[in-house]
Amino acid sequence: MKTEKPNKIKLLKLWELLCQNTDAEHPMGTPEILERLAEMGIDCDRRTLYDDIKTLNHFGYEVECVRGASNEYSVDRGDFDVTELRILMDAVQASSFITDKKTRALVDKIAHLAGSRRAEVLKQNIVEFNTTKSTNEHIYYTVNEIANAINDKKKIEFTYFKYDLSHERAYKTNSDGEARLYKVNPYATVFSDDKYYLLCYDDKHGSMSHYRVDRMERVRVLDEEITPTPETIDFDVQRHKRQVFSMYTGERKNVVFEADVSLIDVIFDKFGDIKMSKKGEKIVFESDVQISPMFIAWCCSFGDKLKVVSPPTVVHDVKDYAQELYYMYKTSKGDKNA
């Protein structure tokens, strides 16, 4: 004789069974349902199963039924489908700021969202990523603290490090050699070039700054309210991302470019839906950008396919950069004509 207690939670177990193992494309037949319930020590026959399904539907737990010689039941909760789960798994595995350990844990949790299709999701997740992962295991805590501070409009403080030649953490220090505590007004988090950044306003320097989230440690939300500034009022994060290159900030200027038509996709990817015009065999466009060494390097990376037309100061910066590179290689030992 079956024990009484399992039968008391029959409706709950039936609902869990259908949620975990079925969807509109993968219904479960009556014989299999009865067999699975029996494995849990729960008594059920075809008639009582039909009544149980009616009870679930009556109380808002929608179970679809396809009638036949053996009725088939399914639950379509509108959760993630397999394709959506693959995309989420790929995004986690491609993110360099998530450590290897946390990547494996997150991927496994995402796969569990597929219920009994977990094996299918894992098996078909065949994309390989050549991503160098962070080693900062405090990343979850850091992200949570930053989010709380942004929501509560509070300042945060933290230590910050880079890596030395031995791939050991080298912390930014004060004059006394202690790890420096940064205090900033957090504004937003930004994902750019496979890196996760904190976008914030620095009272000390009077400007917007970026810090890599995976390089931040000892993050703490302060009781101090953020400082309202003209720079952060109506601040447009998307426009800011289009203006900066590799998250290096600088003086903002309107720059006019002339480019080869082969760069149209590159231009749209960087600057968004920007207006272009034809000039002979070339295209001309302009955009507000923040002038930094990374911006100058970006301009030169396309060779003769991209040219800065104005303003003259930026044209001069590009010329100087290209000239410095030329002389550096001209005087190197590898140049036979040096």
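The coordinates are above.
Residues numbered from 1 in each chain as written. Predicted model: local features only at pLDDT ≥ 70, side-chain atom pairs only at ≥ 80, totals over all residues. Heavy atoms only, no water.

## Remarks on the pattern of salt bridges
In this structure the tally under the stated criterion is 14 salt bridges. One salt bridge connects K13 with E16, and the closest N-O pair in it is separated by 3.6 Å. Here K13 and its partner E16 are both found in helix α2 (residues 10-21), three residues apart, which amounts to about one turn of the helix. For K13, a relative accessible area of 28% gives the class partly exposed. Salt bridges sharing common partners tie together K155, K183, D203 and E224. (Salt bridge = Lys/Arg side-chain N within 4 Å of Asp/Glu carboxyl O. Helix = DSSP H or I, 4+ residues; strand = E, 2+ residues; numbered from the N terminus. Buried < 20%, exposed > 50% of the residue type's maximum accessible area, 1.4 Å probe, protein only.)

## With respect to the sheet that holds strand β11 (residues 276-279)
Here we have four strands laid out as an open sheet, ordered β11-β12-β10-β13, and antiparallel in their pairing. The two strands at the open ends of the sheet, each matched to only one other strand, are β11 and β13 (306-310). On average, each strand axis in the sheet is inclined to that of its neighbour by 40°, with strand direction left out of account. Here four bridges tie β11 to strand β12 (residues 282-291), and the two strands are oriented antiparallel to one another. By the bridge assignment, K278 is partnered in β12 with I283. On the sheet, helix α10 (residues 264-271) packs against β10 (251-260), β11 and β12 and is oriented at approximately 30° with respect to β12. In this fold helix α12 (residues 312-330) packs onto β10, β12 and β13, with an angle of close to 145° to the strand it touches most, β13. (Pairing = 2+ DSSP bridges. Axes fitted to C-alpha atoms, helices over the stretch in contact; angles between N-to-C directions. Contact = heavy atoms within 4.5 Å.)

## Quick notes on the side chain of D214
Structurally, D214 is set in the loop between β8 (207-212) and β9 (216-225). A polar contact of 2.8 Å, which involves the side chain of D214, links it to the side chain of R212. Not counting chain neighbours up to four residues away, the residues in contact with D214 comprise F97, S134, N136, I139, F161 and Y196. (Polar contact = N/O pair within 3.5 Å; in protein donor to acceptor, adjacent residues only side chain to side chain.)

## So, the pairing of β12
Across 10 bridges, the pairing between β10 and β12 is antiparallel. Within β12, the residue paired with E251 across the bridge is I291. Between β11 and the antiparallel strand that follows it, β12, lie two residues; G280 among them carries a positive phi value of about 65°.

## Things to note about a nonpolar patch on the surface
There is a patch of nonpolar side chains on the surface, built from F80, L88 and L113 and spanning about 260 Å² of accessible area. With respect to the helices, strands and loops of the structure, L113 is situated in the loop between α6 (100-112) and α7 (118-124). (Patch = residues over 30% accessible without salt bridge, like charges linked within 9 Å, V, L, I, M, F, W, Y side chains within 5 Å. Areas by Shrake-Rupley, 256 points an atom, 1.4 Å probe, with all protein chains shown as cover.)

## Some words on the side chain of K10
The topology assignment puts K10 in helix α2. Side-chain polar atoms of K10 contact the side chain of D52, separated by 3.1 Å.

## Digging into the packing of helix α11 (residues 293-300) against α12
Running from N to C, α11 and α12 point in directions that differ by 75°, and their axes come no closer than 10 Å. With respect to their mutual orientation, α11 and α12 come out roughly perpendicular. Here F295, I296, A297 and C300 of α11 lie close against α12, whose contacting residues are V314, D317, V318 and Y321. Split by residue class, the contact of α11 with α12 holds seven nonpolar, no polar and one charged. (Parallel < 35°, antiparallel > 145°, perpendicular 65-115°, else oblique. Nonpolar A, V, L, I, M, F, W, Y, C, P; charged D, E, K, R; others polar.)

## As for the packing of aromatic side chains
For the structure shown, the criterion picks out 19 aromatic pairs. Where F271 meets W298, the ring centres are 5.8 Å apart and the plane angle is 80°; that geometry is what we call edge-to-face. Within this pair, whereas F271 is found in helix α10, its partner W298 is found in helix α11, the two being separated by 27 residues in sequence. Residue W298 is classed as buried on the basis of its relative accessible area of 17%. Pairwise contacts between aromatic rings join F257, F271, F285, F295, W298 and F302 into one cluster. One cation-aromatic arrangement involves K102 over Y140; the distance from NZ or CZ to the ring centre is 5.1 Å. When the ring centre of Y182 is taken as reference, the NZ or CZ atom of R180 above it lies at 3.9 Å. (Phe/Tyr/Trp six-rings, centres within 6.5 Å; stacked < 30°, edge-to-face > 60°. Lys NZ or Arg CZ within 6 Å of the ring centre and 35° of its normal.)

## Focus on the nonpolar core
In this structure, I156, F158, V184, L198, Y211 and M216 are the most contacted members of the largest nonpolar core, which totals 24 residues. Mapped by element, the contributors of at least two residues to this core are α5 (82-94), α6, α8 (139-152), β4 (154-163), β6 (182-192), β7 (195-202) and β9. Core analysis: the next-biggest nonpolar cluster, separate from the first, contains 21 residues, L263, I291, I296 and V314 among them. (Core = buried A, V, L, I, M, F, W, Y, C linked by side-chain atoms within 4.5 Å.)

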